[in-house]
Amino acid sequence: STPEFIIYIEFRKHNGNIEYRVFYSEYNWWHKMRSLAFDLGKFAVVVENPSSMEEIADFLRLCWIFKLELFFVVKNKPSFDVLLNRIKRDEKGIPYEFLKVNIVDDFPRGCLLVGFSKHSCEAEDKFIGFLSEHKDKKIALVFGDDKFGLTQGARDKLDCTFRLTSEIKKPLKGDEALSYVL
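Residues numbered from 1 in each chain as written. Predicted model: local features only at pLDDT ≥ 70, side-chain atom pairs only at ≥ 80, totals over all residues. Heavy atoms only, no water.

Draft legend 1. Broad picture of the pairing of strand β4 (residues 69-73). β4 sits mainly inside the fold: four of its five residues count as buried. As judged from the five bridges shared by strand β3 (residues 43-48) and β4, these two strands associate in the parallel manner. Looking at the pairing, A44 lines up with E69 of β4. Handedness of the crossover joining β3 and β4 through helix α2 (residues 53-66) is recorded here as right-handed. For β4 and strand β5 (residues 101-104), the ladder comprises four bridges, and the chain directions are parallel. Its bridge partner being in β5, F71 is matched across the sheet by N102. Remark: the β4/helix α3 (residues 77-90)/β5 crossover connection has right-handed handedness. (Buried < 20%, exposed > 50% of the residue type's maximum accessible area, 1.4 Å probe, protein only. Helix = DSSP H or I, 4+ residues; strand = E, 2+ residues; numbered from the N terminus. Pairing = 2+ DSSP bridges. Right-handed = clockwise from strand over helix to strand, strands pointing away.)

Draft legend 2. Seen up close, the packing of α2 against α3. The interhelical angle for the contact between α2 and α3, taken along N-to-C directions, is 65 degrees, at an axis separation of 10 Å. In this view, α2 runs roughly perpendicular relative to α3, as classed from their interaxial angle. Crossing of α2 against α3: the hand is right-handed. Residues M53, I56, A57 and L60 of α2 form the contact with α3, whose participating residues are F80, L83, L84, R86, I87 and D90. (Axes fitted to C-alpha atoms, helices over the stretch in contact; angles between N-to-C directions. Parallel < 35°, antiparallel > 145°, perpendicular 65-115°, else oblique. Left-handed = near helix turned anticlockwise from the far one by under 90°. Contact = heavy atoms within 4.5 Å.)

Draft legend 3. Main features of the packing of aromatic side chains. In total, this model carries six aromatic pairs according to the counting rule given. Each member of the aromatic cluster is reached from another via a ring pair, and the members are F59, F116, F127, F130, F143 and F162. (Phe/Tyr/Trp six-rings, centres within 6.5 Å; stacked < 30°, edge-to-face > 60°.)

Draft legend 4. The environment of R155, seen in detail. Looking at the element boundaries, R155 is found in helix α5 (residues 152-157). Through-space distance from the C-alpha of R155 to that of G144 is 9.6 Å; in sequence the pair is eleven residues apart. Other than its neighbours up to four places away in sequence, R155 contacts S117, H119 and L150.

And the structure:
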């Protein structure tokens, strides 16, 4: 029989404690998703002004799992370096020498900048068509921080934006959006 819902459970060890998160989705939502044959090496991930340790750690884990280059766009590099080093010390299990992390003050050049924002007029179904049209180009997937999303200045620099899910009041956090896109 076909299930009505799919339940996801994520476990992790943080500061010696085991933490978990539970998510669920309707089966008909999951069933409509199409798998695309893309080389993930053509993608990079860009996070604008990340502010929480959990958010940064989640992006690090996702990028390590999927072998994606990661860019943190920050205003204050020295203080971000301190925060990143603390996360690397606390979060065990990621071999950081194999993860390419860039701390920069502006978006990377030489790639299409594709953002995700609740303010976008383009729905997620257009994203699949966009990827098909640009299979030969490097694409940077751009996300804002968990609290405020992408700034208006960042949205103005993007080549295009897409809205993920129909939820406007409580949209996906950046790392959730990346998981959703991947």
